[in-house]
Amino acid sequence: MKPARFDYFAPGTVDEALALLAEHGDQAKPLAGGQSLIPAMNFRLARPQVLVDLNQVAALSYIRANGSGLAIGAMTRQRAVERSDLVARAAPLLAEAMPSIAHPQIRNRGTVGGSLAHADPSAELPAVALALETRFRAKSATGERWIPAGEFFKGMLETALEPGELLVEIAIPPLPARSGTAFLEMARRHGDYALVGVAAVVTLEANGRCQAARVALLSVGDGPVLASEAATVLAGQAPSAELARAAGERAASRDVDPPSDIHASAAYRRRLVAVLTRRALERAFERAEKGSGEQGAVPSG
Amino acid sequence: MDYLLPTATDVPRVETAHRETPSPLNPMGAKGVGEAGAIPTGALFAQAVEDALGRTGLEICEIPLSPSRLFELIEEAR
Ligand SMILES: Cc1cc2nc3c(=O)[nH]c(=O)nc-3n(C[C@H](O)[C@H](O)[C@H](O)COP(=O)(O)OP(=O)(O)OC[C@H]3O[C@@H](n4cnc5c(N)ncnc54)[C@H](O)[C@@H]3O)c2cc1C
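None of the values given here were measured: they were computed from a predicted structure.

**Overview of the domain arrangement of chain A**
All names here are of chain A. Domain boundaries in chain A define domain 1 (7-53), domain 2 (59-172) and domain 3 (179-288). In this structure, domain 1 and domain 2 have C-alpha centres spaced 18 Å apart. Each partner contributes residues to the interface: domain 1 has 12 residues there, and domain 2 has 16 residues. Counting each side, the surface lost to burial between domain 1 and domain 2 is near 1,100 Å², with a carbon and sulfur contribution of 79%. On the domain 1 side of the contact with domain 2, Val14, Leu18 and Gln35 bury the most area, a combined 44% of that side's loss.

**Details of helix H11 (residues 241-255) of chain A**
Residue and element names in this part refer to chain A. The first and last C-alpha atoms of H11 sit 20 Å apart over 15 residues, in line with the 21 Å expected at 1.5 Å per residue. Those residues of H11 not exposed but buried are Leu243, Ala244, Ala247, Gly248, Ala251, Ala252 and Asp255. Against strand S14 (225-226), helix H10 (228-234) and helix H12 (266-290) lie the buried residues of H11.

**Thoughts on the site of the ligand**
Residues and elements named next belong to chain A. In the vicinity of the ligand there are 30 residues, among which Pro30, Gly34, Leu37, Thr111 and Glu124 approach most closely. Between Pro30 and the ligand, the recorded distance is 2.6 Å, taken from a backbone N or O atom to an oxygen atom. Between an oxygen atom of the ligand and a side-chain N or O atom of Gln78, the distance comes to 3.3 Å. With the chains in place, 89% of the 980 Å² that the ligand exposes on its own is no longer accessible. Mapped by element, the contributors of at least two residues to the shell around the ligand are strand S2 (28-31), helix H7 (112-118) and strand S10 (166-172). Examining the composition of the shell around the ligand, we find that 4 residues originate from one element, H7, more than from any other. When the residues that make up the shell around the ligand are grouped by side-chain class, the tally is 15 nonpolar, 12 polar and 3 charged.

Definitions and cut-offs
- Throughout, a residue's number is its position along its own chain's written sequence, starting from 1.
- Throughout, the order in which chains and ligands are written sets their labels, letters from A for the former and numbers from 1 for the latter.
- Where local features are concerned, this predicted model is filtered to residues with pLDDT of at least 70; where side-chain atom pairs are given and counted, the filter is 80 or more; whole-chain, interface and lining totals use all residues.
- Note that water and hydrogens are dropped before the side-chain values are worked out from all heavy atoms of the structure.
- Where a domain begins and ends is set by an automatic assignment or by a domain database.
- The contact definition used throughout considers only heavy atoms, calling two residues in contact when any of these lie within 4.5 Å.
- As used here, buried area is the combined drop in accessible area, with a 1.4 Å probe, of two parts when they are placed together.
- Think of it this way: any DSSP run of H or I at least four residues long counts as a helix, any run of E at least two long counts as a strand, and we number them from the N terminus.
- In this scheme, a helix's expected span is set at 1.5 Å multiplied by one less than its residue total.
- For the exposure calls, accessible area comes from a 1.4 Å probe over protein chains only, and a residue counts as buried if that area is under 20% of its type's maximum, exposed if over 50%, partly exposed in between.
- Residue proximity to a molecule or strand is established when one non-hydrogen atom of the residue lies within 4 Å of it.
- Side-chain atoms alone can form a polar contact between residues adjacent in sequence; in general such a contact is a pair of N or O atoms within 3.5 Å, and within protein one must be able to donate a hydrogen while the other accepts it.
- Each accessible area is a Shrake-Rupley estimate made with a 1.4 Å probe; only the visible protein chains count as cover when residues are assessed.
- Under this grouping Gly is polar, as are all residues other than the nonpolar Ala, Val, Leu, Ile, Met, Phe, Trp, Tyr, Cys and Pro and the charged Asp, Glu, Lys and Arg.

As structure tokens, this is what we get:
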């Protein structure tokens, strides 16, 4: 199908884009990689009257060291993140999750900001952002604010962004020493949206016990779900296969209320939560114990 | 959009064997081919999966056999 009629603007700067969004209010939508918005318009599930194309706004595309964390511009292509050495070092969890997003052709166009602003509950980036306590920098014609990941995702395809507001950057803080991370998902074919996915971050104390854990799940609710019950099972305990299993079971029974759809029943998704959480935790603990190993490496300083 | 078509990567390795069974129903022994070969395929896969799962008493009478569906069947058979 073809989209409904719309007006099109291609500003060259963030300020011009913000002025256009302010002028057209909730009639307008930013266009990033177009990998979700254009199909939605072609199916007439979305009918924005004005598109503000961000693809000429070069200033929104960057990956930078930010202290020992990371700052990534909203228009940075998913493929650029996937291939970045800096991301591999400073946020190995993000690097590990990238190849699970769609296919290379789509990641060449799709952006970090587009995926996060779209807030598909089956998308990888929102869960990774939640696990890594990412902060979201939003700008409008009248000002700027930082939104923590826990407040950014509001539900099915819904975020804290207001009409007229652009996501311009995400900031990923560095992980403490002795941290390890892992990303896993189950999809029927590579590139499909996941039936369930899990992003795990663990931090160990000097004595090897688990100090803190953040496990974020995708495809099990209206948005990314933080498995806080699973985290309480882990806190203060010595890592073991049995501990990982117990945390996985707790996540499945207490943290999620997954939907049934034509791809998977709720019961199957629950089972996947238990199994994938266990496996991701085992892997994250192993990487944390290896300390400066390849994955889960902590940037020094 | 939500209909998962099998693609090239889902096709298993195929081995071809010949066996002649002329039809007794006509003088030439000829049989229709065309789509006849497509009909038993689903059942064949279902039976192979039943066999692979050993003695669970599981009987698969329906396709598609998605991971989710298989999980449900195994749970029911337990
Ligand atoms: C076949 C296919 C398979 C896919 N599989 C996956 C998958 O497995 N996992 C996955 O996560 N994704 C998948 N995607 C989606 C893909 O990752 C998209 O690129 C992503 O969801 C949207 O990013 P985009 O840059 O294309 O944004 P767009 O489609 O341009 O925009 C998406 C939405 O975000 C808004 N928006 C964009 N940028 C901003 C901004 N800076 N500030 C405020 N609002 C903004 C737009 O207005 C729009 O509403 C798939 C897409 C396709 C076509």
